[in-house]
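Topology and contacts: notes
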Amino acid sequence: MSPLIGWFEATVLGVLQGLTEFLPISSSAHIRVVSAFFGWKDPGAAFTAVIQLGTETAVLIYFRKRIADIVVTWTRSLWTPHLRSDQAAKMGWYVIAGSIPIGILGITFKDQIETTLRDLRLVGACLIIFGLLLALADYMARNELTLDKHLNLPHALTYGVAQSLALIPGVSRSGGTTGAGLLLGYRREEAAEYSFLLAIPAVLMSGVLELFEIGDGPAPDWGPTILATIVSFVVGYAAIAWFLRYISNHRFTGFVIYRVLLGILVITLVSFGVIPALG
């Protein structure tokens, strides 16, 4: 089931995964569009599952202190009642709650996600529409609230619903969740941080589900696959650091313009038959 991946293709896909996983421009859309443009086939579930480990490792290392505090405090709170009011313990529950919508929808609509929703006309439209929605959220943002003081269960579920929309290529997990945070009133860097934390269980769960399906076909070409994973980790780590610094004092205008232009380009290329809508 997994076609062989060349070294160049692996490097390009690794860069795309690492860069676009955390920027609000949709990693799935970029991998889908670039693969179609170069005539590459879908690299398969094995490749996708393994390469995601690179970007998620970047998140785990970058936020290692924050994640360790959440995991340890949440775990201890299960049998230590006074810790249940600790914000780190609450954050553990908020991440779990926020992961429920994408888990349910991802399993329920798995077939559509892997087929119909990968139509490049839909991808292009989502790049444009959700780019404009991000612009609206950025314009309306109060940029006031912080996670430690204001995050609660309704907010966590709102983030989760926004994240679930990223099952459609072109929406962007980072863009959807960060945009939701802005509409709720959170500071840009705070909204982005929770977006990254919320992505961990979602991406790992997706990777595990894909790994279970590998047995139906040959294993991936491990050399290029490992290269792509390393590249995605290095680029992803740099992308997280840069993005958090950038949005602390910049709006999302540049990302919005890029999304709209890319969406228009994708729809144009499909309309003129340069690239196929599906396949």
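A brief report on the enclosed structure follows. (Residues numbered from 1 in each chain as written. Predicted model: local features only at pLDDT ≥ 70, side-chain atom pairs only at ≥ 80, totals over all residues. Heavy atoms only, no water.)

1. Considering the overall build of the protein chain
Under the convention used in this document: Numbering of helices and strands runs from the N terminus; a helix is a DSSP stretch of H or I covering at least four residues, while a strand is a stretch of E covering at least two. The globule rule is 2.2 Å times the number of residues to the power 0.38, and the radius of gyration it is compared with is taken over C-alpha atoms. Here the term buried applies to any residue with accessible area under 20% of the maximum for its type, exposed to any over 50%, and partly exposed to those in between, with areas from a 1.4 Å probe on protein chains only. In what follows, a contact means two residues having at least one pair of non-hydrogen atoms within 4.5 Å. As used throughout, the charge tally considers Lys and Arg to be positive and Asp and Glu to be negative, leaving His and the chain termini uncounted. Where a charge lies is defined by one atom per residue type, namely NZ (Lys), CZ (Arg), CG (Asp) and CD (Glu).
For the protein chain, the count of helices and strands is 13 helices and zero strands. Listed N to C, the secondary structure of the protein chain is α-α-α-α-α-α-α-α-α-α-α-α-α in terms of helices and strands. In summary, the protein chain has a C-alpha radius of gyration of 19 Å against a globular reference of 19 Å for 279 residues, a match within 12%. With respect to the three principal axes, the spread of C-alpha positions in the protein chain is 60 × 40 × 35 Å. Buried residues in the protein chain amount to 52% of all 279 residues. In the protein chain, the proportion of contacts linking residues at least 24 apart, taken out of those at least 6 apart, comes to 83%. For the protein chain, the separation between the mean place of its 19 positive charges and that of its 19 negative charges on side chains is 7 Å.

2. Some points on unusual backbone geometry
A positive phi angle, near 75 degrees, is found at S26, a position not held by glycine. Mapped onto the elements of the fold, S26 is located in the loop between helix 1 (7-20) and helix 2 (27-38). The phi angle at S172 is positive, at roughly 90 degrees, despite the residue not being glycine. One can find S172 in the loop between helix 9 (153-164) and helix 10 (173-184).

3. As for the nonpolar core
Looking at soluble globular proteins, one finds that nonpolar side chains tend to be buried together. Stated formally: Residues belong to one nonpolar core when they are buried, are Ala, Val, Leu, Ile, Met, Phe, Trp, Tyr or Cys, and are joined through side-chain atoms within 4.5 Å.
Grouped together as the largest cluster of nonpolar side chains are 38 residues, with contacts concentrated most on F63, L151, Y159, Y186, Y194, I240 and F243. If one sorts the elements of this core by residue count, helix 11 (residues 188-211) sits on top with seven residues. Look past the residues within four positions of Y186 in its chain and what remains in contact with it is N143, E144, L145, T146, L147, H150, L151, N152, H155, Y159, G181 and A191.

4. Section: the environment of S271
Convention followed: For this analysis, a polar contact is any N or O atom pair within 3.5 Å, provided that within protein one partner can donate a hydrogen and the other can accept it, and provided that sequence-adjacent residues contribute only side-chain to side-chain pairs.
Looking at the element boundaries, S271 is found in helix 13 (residues 253-271). On a C-alpha basis, the gap between S271 and L23 in space is 27 Å, while along the polypeptide they are 248 residues apart. Only 2.7 Å separates the side chain of S271 from the backbone oxygen of I267, close enough to count as a polar contact.

5. Notes on the side chain of R188
One can find R188 in helix 11. What R188 contacts, discounting residues up to four positions off in sequence, is D138, N143, T178, L182, I247, H250, R251 and F252.

6. A few points about the pattern of salt bridges
The following threshold applies: Any carboxyl oxygen of Asp or Glu within 4 Å of a side-chain nitrogen of Lys or Arg constitutes a salt bridge here.
By the definition in use, this model includes eight salt bridges. The partner of R66 in a salt bridge is E193, and the shortest N-O contact between them spans 2.8 Å. Taken together, the positions of R66 in helix 4 (residues 64-77) and E193 in helix 11 put the pair 127 residues apart, joining distant regions of the chain. With a shortest N-O distance of 2.5 Å, R187 and E189 are connected by a salt bridge. Residue classification places E189 among the buried positions, given a relative accessible area of 18%. Connected through shared salt-bridge partners, R66, D148 and E193 make up one network.

7. A short note on the packing of aromatic side chains
Counted only if it meets this: Two rings from Phe, Tyr or Trp (for Trp, the six-membered ring) form a pair when their centres are within 6.5 Å of each other. A pair whose planes differ by under 30 degrees is stacked, one over 60 is edge-to-face, and the rest are tilted.
The tally for this structure, following the rule as stated, stands at 18 aromatic pairs. Relative to Y237, the ring of Y62 lies with its centre 5.4 Å away and its plane at 65 degrees, an arrangement referred to as edge-to-face. Taken as a pair, Y62 in helix 3 (residues 45-62) and Y237 in helix 12 (residues 222-247) lie far apart in primary sequence, 175 residues in all. Centre to centre, the rings of Y159 and Y194 are 4.5 Å apart; their planes meet at 75 degrees, and the pair counts as edge-to-face. Residue Y159 is located in helix 9, and its partner Y194 is located in helix 11; the two are separated by 35 residues in the primary sequence. Look at Y194 and you get buried, because its relative accessible area is 0%. The structure contains a cluster of three or more aromatic residues connected by ring pairs, namely F22, Y62, F63, F196, F233, Y237, W242, F243, Y246, F252 and F255.

8. Some points on the environment of W93
Mapped onto the secondary structure, W93 falls in helix 5 (residues 87-108). Each C-alpha atom, one on W93 and one on I70, is 9.5 Å from the other, the two residues being 23 residues apart in sequence. Not counting residues within four places of it along the chain, the set of residues in contact with W93 comprises W74 and L78.

9. Focus: a nonpolar patch on the surface
Just so we agree on the cut-off: Only residues whose relative accessible area exceeds 30% and that form no salt bridge are eligible for patches; like-charged ones are grouped when within 9 Å, while nonpolar side chains (Val, Leu, Ile, Met, Phe, Trp, Tyr) are grouped when within 5 Å. Only the protein chains shown count as covering a residue, and every accessible area follows the Shrake-Rupley method with a 1.4 Å probe.
Taken together, I129, L133, L136, Y139, M140 and L183 make up a surface patch of nonpolar side chains, about 660 Å² in accessible area. In terms of residue count, the dominant contributor to the nonpolar patch is helix 7 (residues 120-140) (five residues). Here L133 lies in helix 7.

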